[in-house]
Amino acid sequence: MCGRFTRTADVSTLAAAFPGVEFPDGTAPRYNIAPTQPAVVIVEGIGPGAVSPRAVSMVWGLIPHWAKDRKIGHSLINARAETLAEKPSFRTPFRDRRCLVVADGFYEWRKEAGRKVPMYIRIAGGRPFAFAGLWDSWRDGAEEVRTFTIITTASNGLVGAIHDRMPAIIPPDGYAAWLDVSGHRPESVFGLLVPYPSAEMEMFGVSAEVNDPRAEGPGLVVPAGPAWLIS
DNA sequence: CCAGACGTTGTT
DNA sequence: GTCTGG
DNA sequence: CCAGACGTTGTT
DNA sequence: GTCTGG
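Residues numbered from 1 in each chain as written. Chains lettered and ligands numbered in written order. Predicted model: local features only at pLDDT ≥ 70, side-chain atom pairs only at ≥ 80, totals over all residues. Heavy atoms only, no water.

## Side note on the protein's contact with DNA strand D
Met 1, Gly 3, Arg 4, Pro 35, Ile 77, Trp 109, Lys 116, Asn 211, Asp 212, Pro 213 and Arg 214 make up every residue found near DNA strand D. Of all DNA strand D atoms lying within 4 Å of any protein atom, the proportion belonging to sugar or phosphate reaches 76%. At a separation of 2.9 Å, a phosphate oxygen of DNA strand D approaches a polar side-chain atom of Lys 116. Note that a sugar or linking oxygen of DNA strand D is positioned 3.1 Å from one of the backbone N or O atoms of Asn 211. In the surface near DNA strand D, the residues fall into 5 nonpolar, 2 polar and 4 charged. (Near = heavy atom within 4 Å. Polar contact = N/O pair within 3.5 Å; in protein donor to acceptor, adjacent residues only side chain to side chain. Nonpolar A, V, L, I, M, F, W, Y, C, P; charged D, E, K, R; others polar.)

## Focus on the protein's contact with DNA strand B
Taken together, 17 residues surround DNA strand B, and among them Ser 75, Arg 80, Pro 88, Lys 111 and His 163 come closest. Counting only atoms of DNA strand B within 4 Å of the protein, the fraction found in sugar and phosphate groups is 73%. Arg 80 is positioned with one of its side-chain polar atoms (N or O) 2.5 Å from a phosphate oxygen of DNA strand B. Here a phosphate oxygen of DNA strand B and a side-chain polar atom of Lys 111 are 3.5 Å apart. Examining the composition of the surface near DNA strand B, we find that 3 residues originate from one element, strand β5 (residues 78-80), more than from any other. The residue inventory of the surface near DNA strand B, partitioned by class, reads 6 nonpolar, 6 polar and 5 charged. (Helix = DSSP H or I, 4+ residues; strand = E, 2+ residues; numbered from the N terminus.)

## Here's the deal with the pattern of salt bridges
Opposite charge on two side chains allows them to pair when their charged atoms are near. Overall, the coordinates contain 10 salt bridges when judged by the stated rule. Among the salt bridges present, the one from Glu 82 reaches Arg 165, with a minimum N-O distance of 2.7 Å. Taken together, the residues span a long stretch of sequence, with Glu 82 in the loop between β5 and α2 (91-96) and Arg 165 in strand β11 (residues 165-167) at a distance of 83 residues. Between Arg 95 and Asp 96 there is a salt bridge whose closest N-O contact spans 2.8 Å. (Salt bridge = Lys/Arg side-chain N within 4 Å of Asp/Glu carboxyl O.)

## Some thoughts on the pairing of strand β7 (residues 105-112)
Relative to β7, strand β1 (residues 5-7) is paired through 2 bridges, and the arrangement is antiparallel. Each bridged residue has a counterpart across the sheet, and for Phe 5 the counterpart in β7 is Phe 106. Between β7 and the antiparallel strand that follows it, strand β8 (residues 115-123), lie 2 residues; Ala 113 among them carries a positive phi value of about 50 degrees. (Pairing = 2+ DSSP bridges.)

## Considerations on the pairing of strand β4 (residues 54-60)
Note that strand β3 (residues 38-43) and β4 share 6 bridges and pair antiparallel. Opposite Val 43, over in β4, you have Arg 54 as the bridge partner. Taken together, the 2 bridges between β4 and strand β10 (residues 143-154) define a ladder with parallel strand orientation. Counterpart to Trp 60 in the pairing with β10 is Phe 148.

## A closer look at the packing of aromatic side chains
Counted by the stated rule, this structure contains 12 aromatic pairs. Judged by centre distance (6.3 Å) and plane angle (5 degrees), the ring pair of Trp 60 and Phe 148 falls under stacked. Placement of Trp 60 in strand β4 and of Phe 148 in strand β10 is noted, with a sequence separation of 88 residues between them. For Phe 148, a relative accessible area of 0% translates into the label buried. Centroid distance Phe 129 to Phe 131: 5.4 Å. Interplanar angle 80 degrees. Geometry classified as edge-to-face. By the burial criterion, Phe 129 is buried, and Phe 131 matches it. An aromatic cluster is built from Phe 5, Trp 60, Phe 106, Phe 129, Phe 131 and Phe 148, whose rings are joined through pairwise contacts. Taking the ring centre of Trp 178 as reference, the NZ or CZ of Arg 98 above it sits at 5.3 Å. (Phe/Tyr/Trp six-rings, centres within 6.5 Å; stacked < 30°, edge-to-face > 60°. Buried < 20%, exposed > 50% of the residue type's maximum accessible area, 1.4 Å probe, protein only. Lys NZ or Arg CZ within 6 Å of the ring centre and 35° of its normal.)

## Observations concerning the sheet that holds strand β14 (residues 227-228)
The strand order across the open sheet built from 6 strands is β2-β1-β7-β8-β13-β14, with neighbouring strands paired in antiparallel fashion. Each of the sheet's edge strands pairs with one partner strand only, and the pair in question is β2 (30-33) and β14.

Following this line, the structure appears as structure tokens:
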């Protein structure tokens, strides 16, 4: 699955990785994005006078627009690709509210003799990439809360060494199709929700500091354990 | 018709 | 054990 | 995902 | 909002 990730690239690096997308200035690097926290996502056509596509901030943990309270968001940090089309919480977002979640790595915890060791997984070289995401808007009185979830799929060979699920990563040539919801035909993008190739990724152990959701900073992604090279 | 649920992961 | 907060 | 809390009454 | 269960 995916319960913690990073987005460390600065605005100019992001602009190069996502041509045509404008990123707000002062987007500080994040080394430990946890559920309930805001993150940068790319959507098309939100808000008055929207230039599409655009980067906006949303809170991780999808709260469906019909939810009575925000608690459900805690459970909806991930959505299984296999069942998206049927689940009431995800069906409509999959059709009408898809997004790209901007990231450059994610953490998975490897179980080792009762212990949990955090591993950091990224695209080799560290370029920014995008998780497949869904979003919704929830109203808390006068306040509009935009939230998102990260879609998961089967693991590839690399991540599969520690866990059977991984976030779905959309390759750059799929960005436009994923964001284009104008056809309201999600079947046409379902094929993008496949395991990203192991050969293009790398994974290594990091400090257990990252266990604490309050931890932050570049030290979190320094290799501190075995590099895993499995494909 | 109304009431109530609506989700994922991991572990046992 | 289970829920909330980050 | 992990960390941390998990409760009531009354008084200041 | 939309679906399932009663």
